[in-house]
Amino acid sequence: AQKITQTQPGMFVQEKEAVTLDCTYDTSDPSYGLFWYKQPSSGEMIFLIYQGSYDQQNATEGRYSLNFQKARKSANLVISASQLGDSAMYFCAMTLNYGGATNKLIFGTGTLLAVQP
Amino acid sequence: DTGVSQDPRHKITKRGQNVTFRCDPISEHNRLYWYRQTLGQGPEFLTYFQNEAQLEKSRLLSDRFSAERPKGSFSTLEIQRTEQGDSAMYLCASSSRGLGSNEQFFGPGTRLTVL
């Protein structure tokens, strides 16, 4: 069975500093995708970044980058130059990407990030 | 507005009552998902539609839950004989199968409180 583990319930970071949110995953399927979503206190889920299991390079989207280490089954999110608006819950998630898969998202328990001025 | 919409945003009901939620996906998206999120947890998959066909249901979806997607457009999620344990945020997401990340776009959710 697929599983996502986020071991950091909460993190503090100073404004303008970088922060790494940890995520490890477990699957025996070779084709999968890894996602990070942000959930502010308002509740909506905001897509941040995606990494496919066959992608050779780590994904980047603006201030977000995904540190993908396939052998270690980790997909950590790095946020550079933190801003006050980055304060939110962050979820790591995965899908299976084989043909016929439903691509349902399997989420971790999340990490609450607080950016301090 | 071209995003995923959900209605209502909040629902308070008494135990034993039936409730129905609606989700309108992004118009060109053929895939629709329902998730449930309880306090302090990540969302959990409930069910999946591809067009009008319901192709997967989680074991979380008891017999009191039913979901439909007539004509492959909007979807409804009905909970019969609500229980206090049904209190949660119900999230709908849609996506389009194709090249790329298969990103799922989420709606704002319906927060259900069962008294």
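Predicted model, so just to flag it, every value in this text is computed and none were measured. (Residues numbered from 1 in each chain as written. Chains lettered and ligands numbered in written order. Predicted model: local features only at pLDDT ≥ 70, side-chain atom pairs only at ≥ 80, totals over all residues. Heavy atoms only, no water.)

Moving on: the overall build of chain B. A count of helical and extended segments in chain B gives zero helices and eleven strands. Counting from the amino terminus, chain B carries its helices and strands in the arrangement β-β-β-β-β-β-β-β-β-β-β. For 115 residues, the compact-globule estimate of 2.2 N^0.38 gives 13 Å, and chain B sits close to it at 14 Å. Counting only C-alpha atoms and orienting by the principal axes, one finds that chain B spans roughly 45 × 25 × 25 Å. Counting across all 115 residues of chain B, residues that qualify as buried make up 46%. Across chain B, contacts joining residues at least 24 apart in sequence account for 53% of those joining residues at least 6 apart. Surface accessibility of chain B: about 6000 Å² in total, with carbon and sulfur atoms responsible for 45%. (Helix = DSSP H or I, 4+ residues; strand = E, 2+ residues; numbered from the N terminus. Rg over C-alpha atoms; globule rule 2.2 N^0.38 Å. Buried < 20%, exposed > 50% of the residue type's maximum accessible area, 1.4 Å probe, protein only. Contact = heavy atoms within 4.5 Å. Areas by Shrake-Rupley, 256 points an atom, 1.4 Å probe, with all protein chains shown as cover.)

What follows concerns unusual backbone geometry. All names here are of chain B. Between Asp7 and Pro8 the backbone carries a cis peptide bond, its omega angle lying at -5°. By the secondary structure assignment, Pro8 is in the loop between β1 (5-7) and β2 (10-13). The phi dihedral of Lys71 falls on the positive side, at around 65°, and the residue is not glycine. For Lys71, the location among the structural elements is in the loop between β7 (65-68) and β8 (75-79).

With 18 residues of chain B in contact, the opposing surface of chain A contributes 17 residues. Surface buried jointly by chain B and chain A totals about 1700 Å² across both partners, of which 53% is contributed by carbon and sulfur atoms. Viewed at the interface, chain A and chain B are joined by one salt bridge. Across the contact surface, chain B and chain A share six residue pairs in polar contact (both at pLDDT 80 or more). Taken together, the elements giving at least two residues each to the side of chain B that touches chain A come down to β4 (31-37) and β5 (44-50) of chain B. Considering each element in turn, the side of chain B that touches chain A owes the most residues, four residues, to β4 of chain B. Classifying every residue of the side of chain B that touches chain A gives seven nonpolar, seven polar and four charged. (Buried area = accessible area lost by both parts, 1.4 Å probe. Salt bridge = Lys/Arg side-chain N within 4 Å of Asp/Glu carboxyl O. Polar contact = N/O pair within 3.5 Å; in protein donor to acceptor, adjacent residues only side chain to side chain. Nonpolar A, V, L, I, M, F, W, Y, C, P; charged D, E, K, R; others polar.)

Let's shift gears to the pairing of strand β5 (residues 32-39) of chain A. All names here are of chain A. With eight of eight residues buried, β5 is to be regarded as a mostly interior element. The pairing of β5 with strand β10 (residues 88-96) spans eight bridges and is classified as antiparallel. Paired with Lys38 across the two strands is Tyr90, which belongs to β10. The pairing of β5 with strand β6 (residues 46-52) spans six bridges and is antiparallel. Paired with Lys38 across the two strands is Ile46, which belongs to β6. The antiparallel hairpin formed by β5 and β6 contains six residues in its connecting segment, where Gly43 sits at a positive phi of about 105°. (Pairing = 2+ DSSP bridges.)

What follows covers the nonpolar core. Core analysis: the largest hydrophobic core is formed by 27 residues, its most contacted members being Leu34, Trp36, Ile49, Leu77, Tyr90 and Met94 of chain A. Look past the residues within four positions of Tyr90 of chain A in its chain and what remains in contact with it is Gln6, Leu21, Trp36, Tyr37, Lys38, Leu48, Leu77, Ile79, Gly110, Thr111 and Leu113 of chain A. Counting 19 residues, the second-largest nonpolar core is a separate cluster that includes Val19, Ile26, Ile79 and Val114 of chain B. (Core = buried A, V, L, I, M, F, W, Y, C linked by side-chain atoms within 4.5 Å.)

For the largest pocket, the calculated volume is near 350 Å³. Lining the largest pocket are 16 residues, with Leu105 and Ile106 of chain A together with Pro43, Glu44 and Phe45 of chain B positioned closest to its centre. When residues of the lining of the largest pocket are traced back to their parent elements, those giving at least two are β11 (106-107) of chain A together with β5 of chain B. Split by residue class, the lining of the largest pocket holds seven nonpolar, seven polar and two charged. Its boundaries defined by the atoms lining it, the second largest pocket holds a volume of some 290 Å³. (1 Å grid on protein atoms, 1.4 Å probe; cavity = no way out; pocket = protein on both sides within 12 Å on 5 of 7 lines; lining within 4 Å. Points joined across faces, edges and corners; volume = space filled by probe spheres on them.)

Nothing here speaks to function; it is geometry throughout.
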